[in-house]
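# Working through the structure, step by step
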Amino acid sequence: MRILVVEDDAELGRRLTERLRAADFAVELATSRADAEDWPDVDRMAAVILDLGLPDGSGLDLLRHWRDRRVETPILILTARGSWQDKVEGLNAGADDFVVKPVRFEELLARLNALFRRQLGTRAATITAGDLALDPLARTAILAGKPLRLSKQEFRLLHLFLRRAGQVLSQTDILDDLYALDDERERNTVEVLIGRLRRKIGRERITTLRGLGYRFDT
Amino acid sequence: MRWLVLGSLRLRFLLALSLWVLLGIAAIWLSAVSIFSSHVEQSYHEELEVHVRELGALTEIASDGSIVLTRPLSDPRYAEPLSGFYWQVTAKGHKPLRSQSMTRGSLDEGIAHSPEILHRLDNGPTGPAITYGFTRKGPAGEDIHFVIATDQRELDRLIGGFTRDLTAWLAGLAALLLATGFAIISFGLRPLDRLSQAFARLRHGDSDELEGQYPAEIAPLAADLNTYARQNEAMVARARVQAGNLAHSLRTPLAIITDEAERLTARDDCKDTGKVLLDQASAMEQQIEYQLARARLGAGRKPAGRGVVLPDVALPILRAMERLHPDKRFTLDTSGLERTVLPLDPVDFAEVLSILLDNAGKWARQEVRLAFACDRAGENTVTIADDGPGIPEAMIPRAFDVGTRFDPDTAGSGLGLAIARDLCDAMGLELGLTNGERGLVATLRIGLGSGR
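Residues numbered from 1 in each chain as written. Chains lettered and ligands numbered in written order. Predicted model: local features only at pLDDT ≥ 70, side-chain atom pairs only at ≥ 80, totals over all residues. Heavy atoms only, no water.

### Side note on unusual backbone geometry
- A cis amide bond links A:Lys101 to the next residue, A:Pro102, at an omega of -5°.
- Examined against the element boundaries, A:Pro102 turns out to sit in the loop between strand E7 (97-100) and helix H5 (105-120).
- The backbone of A:Ala144 shows a phi angle near 50°, a positive value even though the residue is not glycine.
- With respect to the helices and strands, A:Ala144 occurs in the loop between strand E10 (140-143) and strand E11 (146-147).
- What makes A:Ala144 exposed here is its relative accessible area of 53%.
- With a phi close to 50°, B:Leu82 is a non-glycine residue in the positive phi region.
- For B:Leu82, the location among the structural elements is in the loop between strand E2 (67-69) and strand E3 (85-91).
- Given the relative accessible area of 28%, B:Leu82 is considered partly exposed. (Helix = DSSP H or I, 4+ residues; strand = E, 2+ residues; numbered from the N terminus. Buried < 20%, exposed > 50% of the residue type's maximum accessible area, 1.4 Å probe, protein only.)

See the structure below:
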């Protein structure tokens, strides 16, 4: 899952990126409003973590700019401005959650996952499909009552399939979700990953649609 | 009864005006009565003198020795019985001749003892009378006494009548002067009334400045007050921005320290150091939040020109809460309230409402109900009820303490209610927590004197 972090403080931005990557997210970092405003595929991100106090403009205006352009990506405001006036303004401008710095990383992660769950329309922490269950926060997957041993990328891929079960995902969709823009991408990586995942969860669960992509069948 | 407010300009003008009118009218009354009396007395005496001379000129001693008048006196009142106008002519050896009006009694001829006309107050047939008299020699050399008298009451009646009329007229005039005086004071002080009403609107938050045109004398005062209100508001806004900036400058480094401490905690060799750092960072964060809230509160106390509009103030907060707690239902009940403007700082009030709604949202199972009500005395009550587990009764007093958290797994700093209570204290609101039928109920009482 790709996350865009908009944070002007270089040190905090670096640390946040590191921690999110360690939690299996593909992370992009924008350090100014101008940088973030021109981000090419913000609507394909799994979430945006947005600081309000940016050096070249207000994060709130950036949020409104995105929402005006019908960007529906979940946006979590992570800011040092902690008054309720700021919170109400931020949430009413279209933010999905509002977190005040400093925040424990576990809490930030929990709030992000709550946003993903909300987007999936479920309140449960675990995503299930038949006898397959995945807990994004605990990073565990269970098949027919037994724990699955998955690599980071396999886990991310399964998470993506479960989130968008029944939908056709192109190779680009999958690459976008697995890698940050500046990461090296190779198309055959997707095929290799799908092959490995099929072996672990069962071939029949992922259908290949020639020229279109892949579909996870529940 | 604003005319009777002690120490008011109105009462001061009213007393001065009343005194001025009363003194003026009394002086006019005294002078007029005195001038009129002396004038009337003088013409009365002149008239009597003329009458006694006329009597002298018309009197003759007839050949038979009787005293006769060649014709009646020109004033017919001498012919009317007991009219108060009398004359009498006497001479030794002659039968006295008296006016027809004098059907009884006689006049003392003692006043007529010299050819010069003399007068005095004497007893007449119908009471005290002003008596004029003189003597003239008759054909036989005898003294003929001419006496003419008019009842004193005639003069008194004349003067009394005048005085009564004058008093009535002057009383009317005084009333008219006082009434026009009131009208002038009222008209003159009207700009001050308008200023005071405009100031009340400003303080209640119905307007942002003193509205209206004022006379040259108080226009500078109104302008100064407007400048003061604007400066005050700007100062509050500046203080808030500065508090926000301070928060920003402190929280970002603190976020880095927290992150570093978390990383240390994850390493076996630095676990304890990391934990100490985490705890201290958390304590610092709590202090920053609490002290900043207090600083904002101190800076924003009772600003002029802004007010809380119920129930409008709650609408954006409820929308925000629905996003923040998407799995909870927030309902608003305004059935007990008409649109009201309260003289409270809207930012502070919204902060209290937000804290209480967020708190309820965290604990509610399904629903948070916000209700506004206004009782007959004009006191507004805000209740925020959730359907959560509530708080054990014994713990309620501790709920407002800094750092109290009933469930460490629920996100929060344990500061919200402490900040809400401080804000309420500063605004003069009464904040209470009770366990309701379904869950916890926070009640906010906004008394009539709140925020003033």
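Now that the structure is up, let's keep going.
### Re the interface of chain A and chain B
- With 34 residues of chain A at the interface, the matching set in chain B holds 32 residues.
- Between chain A and chain B the total buried area reaches about 2900 Å² when both faces are included, carbon and sulfur atoms providing 54% of it.
- When residues of chain A are sorted by the area they lose upon contact with chain B, A:Arg15, A:Trp84 and A:Pro102 head the list and together hold 25% of the total.
- Linking chain A with chain B are six salt bridges.
- Put simply, A:Asp96 and B:Arg323 hold a salt bridge, and the shortest N to O gap is 3.3 Å.
- Among the secondary structure elements, those contributing two or more residues to the side of chain A that touches chain B are helix H1 (10-22), helix H4 (84-92), E7 and H5 of chain A.
- For the side of chain A that touches chain B, the per-class residue count stands at 11 nonpolar, six polar and 17 charged. (Contact = heavy atoms within 4.5 Å. Buried area = accessible area lost by both parts, 1.4 Å probe. Salt bridge = Lys/Arg side-chain N within 4 Å of Asp/Glu carboxyl O. Nonpolar A, V, L, I, M, F, W, Y, C, P; charged D, E, K, R; others polar.)

### Some points on helix H3 (residues 59-68) of chain A
Residue and element names in this part refer to chain A.
- When you tally the buried positions in H3, you get seven out of 10 residues, the bulk of the element.
- Those residues of H3 lying buried are Gly59, Leu60, Leu62, Leu63, His65, Trp66 and Arg67.
- Sitting at the amino-terminal end of H3 is serine 58, which places a side-chain oxygen 2.9 Å from the backbone nitrogen of leucine 60.
- Count one or two residues on from H3 and you reach arginine 70, which has phi positive near 60°. (Polar contact = N/O pair within 3.5 Å; in protein donor to acceptor, adjacent residues only side chain to side chain.)

### Re the sheet that holds E3(B)
Residue and element names in this part refer to chain B.
- Ordered by their spatial adjacency, five strands build an open sheet running E4-E3-E7-E6-E5, and the pairing between neighbours is antiparallel. Each edge of the open sheet carries a strand with a single partner, namely strand E4 (97-98) and strand E5 (118-124).
- Pairing geometry for E3 and strand E7 (residues 143-151), over seven bridges, is antiparallel. Pairing of glutamine 88 across the sheet is with valine 147, part of E7.
- Docked against the sheet, helix H2 (residues 152-204) engages E3, E5, strand E6 (127-137) and E7, running at close to 35° with respect to E7. (Pairing = 2+ DSSP bridges. Axes fitted to C-alpha atoms, helices over the stretch in contact; angles between N-to-C directions.)

### What to know about the pattern of salt bridges
- Following the criterion strictly, the structure yields 50 salt bridges over all chains and no others.
- Two residues, B:Asp259 and A:Arg15, come together in a salt bridge whose shortest N-O distance is 2.9 Å. One end of the pair, B:Asp259, is in helix H3 (residues 219-266); the other, A:Arg15, is in helix H1, on a second chain.
- On the basis of relative accessible area, B:Asp259 is assigned to the buried category, the value being 8%.
- Overall, the relative accessible area of 8% leaves A:Arg15 in the buried class.
- Across the salt bridge formed by A:Arg111 and A:Asp97, the nearest N and O atoms sit 2.6 Å from each other. With A:Arg111 in helix H5 and A:Asp97 in strand E7, this residue pair connects regions lying 14 residues apart in the sequence.
- A:Asp97 gets classed as buried once you look at its relative accessible area, which sits at 4%.

### Let's talk about the pairing of strand E6 (residues 75-79) of chain A
Residue and element names in this part refer to chain A.
- By the criterion of burial, E6 is predominantly enclosed, with five of the five residues buried.
- Of the pairings in the sheet, the one linking strand E3 (residues 47-50) to E6 comprises three bridges and is parallel in character. Directly across from isoleucine 49, in E6, lies its bridge partner leucine 76.
- Alignment of E6 against E7, held across four bridges, turns out to be parallel. Looking at E7, one finds that leucine 78 is bridged to valine 99.
- In this view, the connection linking E6 to its parallel neighbour E7 by way of H4 has right-handed handedness. (Right-handed = clockwise from strand over helix to strand, strands pointing away.)

### A word on the confidence of the model for chain B
Residue and element names in this part refer to chain B.
- The share of residues in chain B with pLDDT of 70 or more is 93%, and the mean pLDDT across the chain is 86.
- The secondary structure element of chain B with the lowest average pLDDT is strand E10 (residues 340-342), at 79, and the one with the highest is E3, at 93.
- Scored by ipTM, the complex comes to 0.71, with pTM at 0.60. (pLDDT = per-residue confidence, 0-100.)

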